[in-house]
Amino acid sequence: MAIVTPLEPSSDNRRRLALASPATLEPIGEIEVQTSADVAAAVERARKAQPDWAGLSVSERARYLARALQILLARQDEIIETVISETGKPRTEALQMEVFAVGDALNFYSKNAERILKTQKRKLHGMLRFMKRLRIVYRPLGVVAVISPWNGPFVLAMNPSIQALVAGNAVILKPSEVTPFSGLLVADILKEAGLPEGLFQVLTGDGETGAALCRGGVDKVSFTGSVATGRKVAVSCAEQLIPCTLELGGKDAMIVCEDVNLDYAAAGAVAGAFMNTGQYCCGTERVYVVEAVADEFTQKVVERVSRLRQGFEGEFDVGAIFWPQQLEIIESHMTDAKAKGAQVLAGGRRNPELAGLFYEPTVLTSVDHGMQIMSEETFGPILPIMRVADEEEALRLANDSEYGLGGNIWTRDTSKGVRMAERMASGSVCVNDMTMTYGVQEAPFGGLKHSGVGQVNGETGLRGYSHAEPIIVDRRSGKMAESRYPYSAKTDSGMQKFMNLLWGTSIGRMLG
Ligand code: NAD
């Protein structure tokens with residue numbers, strides 16, 4: 001049974017999709033695929049609502065976020081249940097990754113947006129400081145499209161949306177067709193927080209709706225999803241000359257150094273690989289362990305994995321694969337790896353005891369970069385471990401990837417860990433933790449290479465939902481304009497003497 005199944009079109013000829021839980025395979029609801037006409041109507045409503053919203057101060061806008069935070073607290077069980085019904089993830093993961101992370105973001109931006117977006121007075125350099133004043137004003141862009149994936153259906157819909165909103169924009173969200181109900185819940189919570197009509201809207205649907213939204217006359221697209229779709233979004237935005245951020249896939253590497261605390265590293269590997277059933281963009285997808293500790297590390301990992309409980313009822317640690325297409329990718333990577341000589345130390349198959357989409361937590365060794373499991377995004381509960389001679393080889397192999405989203409390094413020598421992190425070709429790196437940069441509100445988040453373009457979150461991300469407009473004011477009310485013409489040899493030679501004095505002498509350079 002597919003999770004998303006086409007139904008008969010609606011009476012007004014919109015496509016319809018039926019959804020089923022990946023854990024129980026029971027139906028959970030239906031959605032309509034909204035069309036380009038729906039997109040046009042939504043953009044029109046957003047354009048009407050946005051100017052008044054932009055007219056509020058940042059602190060006034062931030063109050064809506066503070067209100068949404070209280071609603072989140074009051075409705076946390078409903079959020080958890082909605083996320084679980086769409087994804088089959090463990091309750092603890094729905095609580096930590098979706099509710100807690102969103103609460104932290106709402107709290108952070110409601111308290112910090114005013115500081116981050118306030119008009120800045122910047123000192124100018126050299127003689128210019130006596131002639132001009134510079135201010136940077138963060139102006140809203142207008143209407144922002146947020147397109148989100150299924151693996152963090154609530155947090156990845158809410159987080160970019162609240163940043164775009166508090167920066168003064170209207171937002172149209174297109175959640176994944178696999179997890180639309182979490183997106184609709186975002187709208188419900190923001191409505192309860194009192195957001196004006198039309199300012200935040202959700203369009204349900206699949207790629208058709210997403211593509212129409214990208215071309216629907218919005219001012220920016222904030223996209224999170226796969227590399228393949230990210231490319232299409234980038235082309236669409238390039239053709240219209242509108243900005244986008246692309247938060248795409250990854251193949252995050254973990255490096256285990258010889259001087260590591262092996263218990264901590266084994267626990268970190270298991271959490272990094274199996275959290276969210278491995279469907280975490282910054283999940284650990286490959287481990288490089290230094291030969292001297294490889295056996296002991298691998299044994300500790302396998303022991304921990306054997307204790308993981310998979311299921312969907314009561315208390316369990318590892319949930320379902322969220323949709324069938326991902327299960328197919330996982331199985332094809334596993335077939336390829338086994339055919340090329342990978343050894344399966346744990347798991348390695350669909351869970352035969354569960355009817356839904358469950359793949360057992362899997363540990364592999366004897367892997368190499370000729371296998372898809374080490375080179376392409378698997379996005380499943382698979383932990384391939386590769387032995388390396390030393391840390392240099394680990395770094396070289398970690399960087400041998402077309403992805404560059406996150407990564408993590410484990411060592412007792414944190415200074416060395418930081419030095420190694422600086423040499424890792426990825427958007428962010430954690431030392432002695434699984435990659436959890438997205439959960440650190442101050443940290444700008446984004447990928448290198450095929451893992452993305454631009455950054456979200458933190459000061460950089462929040463300002464990315466606005467245009468940084470420099471306003472330069474002449475200190476002498478424009479008097480200098482009078483001296484511009486006529487051009488003459490005398491003014492040219494005066495300028496050249498001035499340059500020689502300014503940059504040709506040490507005192508001049510100090511002042512300049
Ligand atoms: P996806 O690319 O299939 O879909 C993402 C969204 O794009 C969905 O809402 C989908 O309906 C929409 N879409 C599909 N075709 C479109 C088109 N032509 N134009 C516009 N929108 C379109 O991705 P997915 O399978 O939902 O998500 C999993 C992927 O997301 C993984 O690769 C994962 O690594 C990545 N991801 C990245 C981050 C990050 O922050 N870097 C976070 C989470 C997930």
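Cut-offs used in this document
Residues numbered from 1 in each chain as written. Predicted model: local features only at pLDDT ≥ 70, side-chain atom pairs only at ≥ 80, totals over all residues. Heavy atoms only, no water. Axes fitted to C-alpha atoms, helices over the stretch in contact; angles between N-to-C directions. Helix = DSSP H or I, 4+ residues; strand = E, 2+ residues; numbered from the N terminus. Parallel < 35°, antiparallel > 145°, perpendicular 65-115°, else oblique. Contact = heavy atoms within 4.5 Å. Core = buried A, V, L, I, M, F, W, Y, C linked by side-chain atoms within 4.5 Å. Buried < 20%, exposed > 50% of the residue type's maximum accessible area, 1.4 Å probe, protein only. Domains from an automatic or database assignment. Left-handed = near helix turned anticlockwise from the far one by under 90°. Nonpolar A, V, L, I, M, F, W, Y, C, P; charged D, E, K, R; others polar. Buried area = accessible area lost by both parts, 1.4 Å probe. Salt bridge = Lys/Arg side-chain N within 4 Å of Asp/Glu carboxyl O. 1 Å grid on protein atoms, 1.4 Å probe; cavity = no way out; pocket = protein on both sides within 12 Å on 5 of 7 lines; lining within 4 Å. Points joined across faces, edges and corners; volume = space filled by probe spheres on them.

A. The arrangement of the packing of helix 2 (residues 58-74) against helix 6 (residues 155-166) in detail. One way to put it is that helix 2 packs onto helix 6 with a least axis distance of 9 Å and a crossing angle of 150 degrees. One finds that helix 2 runs roughly antiparallel with respect to helix 6. In this structure, helix 2 contributes Val58, Arg61, Ala62 and Leu65 to the contact, and helix 6 contributes Ile162, Leu165 and Val166.

B. The nonpolar core, seen in detail. Counting residues in hydrophobic clusters, the biggest one holds 86 residues, and the most contacted among them are Phe154, Leu190, Phe200 and Val221. Residue-level mapping places this core at the junction of two domains, with at least three residues from each of domain 1 (38-248 + 458-467) and domain 2 (252-442). Beyond its immediate sequence surroundings of up to four residues, Leu190 is in contact with Ala68, Met158, Ile162, Leu165, Leu195 and Phe200. Core analysis: the next-biggest nonpolar cluster, separate from the first, contains 35 residues, Ile255, Leu327, Phe379 and Met386 among them.

C. A look at the environment of Val99. The topology assignment puts Val99 in helix 4 (residues 91-117). By relative accessible area, Val99 is classed as buried at 7%. Linking Val99 and Ile79, residues 20 residues apart in sequence, is a C-alpha distance of 7.2 Å. In contact with Val99, not counting residues within four places along its chain, are Leu72, Gln76, Ile79, Ile80 and Ala94.

D. Broad picture of the packing of helix 4 against helix 6. The contact between helix 4 and helix 6 brings their axes to 10 Å, and the two run at 15 degrees. When the axis of helix 4 is compared with that of helix 6, the two are roughly parallel. Both helix 4 and helix 6 take part in a crossing whose hand is right-handed. In contact with Met97, Glu98, Ala101, Val102, Ala105, Leu106, Tyr109, Ala113 and Leu117 of helix 4, helix 6 contributes Val155, Met158, Asn159, Ile162, Gln163 and Val166. Considered class by class, the residues forming the contact of helix 4 with helix 6 number 12 nonpolar, 2 polar and 1 charged.

E. Structural context of the domain arrangement of the protein chain. Here the protein chain is partitioned into domain 1 (38-248 + 458-467), domain 2 (252-442) and domain 3 (486-512). Distance from the C-alpha centre of domain 1 to the C-alpha centre of domain 3: 49 Å. With 4 residues of domain 1 at the contact, the number on the domain 3 side is 4 residues. For the pairing of domain 1 and domain 3, the buried interface totals around 230 Å² over both sides, and the portion due to carbon and sulfur atoms is 65%. Where domain 1 meets domain 3, there are 0 salt bridges. Its residues assigned to classes, the side of domain 1 that touches domain 3 comprises 1 nonpolar, 2 polar and 1 charged.

F. Layout of the pattern of salt bridges. With the rule as written, the count across this model stands at 32 salt bridges. Close ionic contact of Arg14 with Glu32 constitutes a salt bridge, the shortest N to O distance being 4.0 Å. Of this pair, Arg14 sits in the loop between strand 1 (4-7) and strand 2 (16-20) while Glu32 sits in strand 3 (residues 27-32), and the two are 18 residues apart along the sequence. Given the relative accessible area of 17%, Arg14 is considered buried.

G. Representation of empty space enclosed by the protein within the structure. As enumerated under the stated definition, the model contains 3 cavities of 30 Å³ or more in all. Computed from the structure, the largest cavity encloses a volume of approximately 80 Å³. Taken together, 14 residues form the lining of the largest cavity, with Arg286, Ala398, Tyr403, Gly406 and Ser426 sitting closest to its centre. If you list the elements that add at least two residues to the lining of the largest cavity, you get strand 11 (252-256), helix 14 (391-399) and strand 16 (403-404). Looking at the lining of the largest cavity residue by residue, the class counts come to 6 nonpolar, 5 polar and 3 charged. Roughly 60 Å³ of internal volume is contained in the second largest cavity. Secondary-structure elements contributing two or more residues to the lining of the second largest cavity are helix 10 (262-274), strand 12 (284-290) and strand 15 (382-388). Tallied by class, the residues present in the lining of the second largest cavity amount to 5 nonpolar, 6 polar and 2 charged.

H. Representation of the layout of surface pockets within the structure. Volume-wise, the largest pocket comes out at about 1,000 Å³. Lining the largest pocket are 42 residues, and of these Trp150, Phe223, Gly225, Ser226 and Thr229 sit closest to its centre. At the level of secondary structure, the elements contributing two or more residues to the lining of the largest pocket comprise helix 8 (207-214), strand 9 (220-224), helix 9 (227-240) and helix 12 (324-339). Tallying contributions element by element places helix 9 first for the lining of the largest pocket, with 6 residues. Residues belonging to the lining of the largest pocket are distributed by class as follows: 20 nonpolar, 14 polar and 8 charged. Formed jointly, the lining of the largest pocket draws a minimum of three residues from each of two domains, domain 1 (38-248 + 458-467) and domain 2 (252-442). Volume-wise, the second largest pocket comes out at about 800 Å³. Lining the second largest pocket are 23 residues, and of these Met131, Met480, Arg484, Met495 and Phe498 sit closest to its centre.

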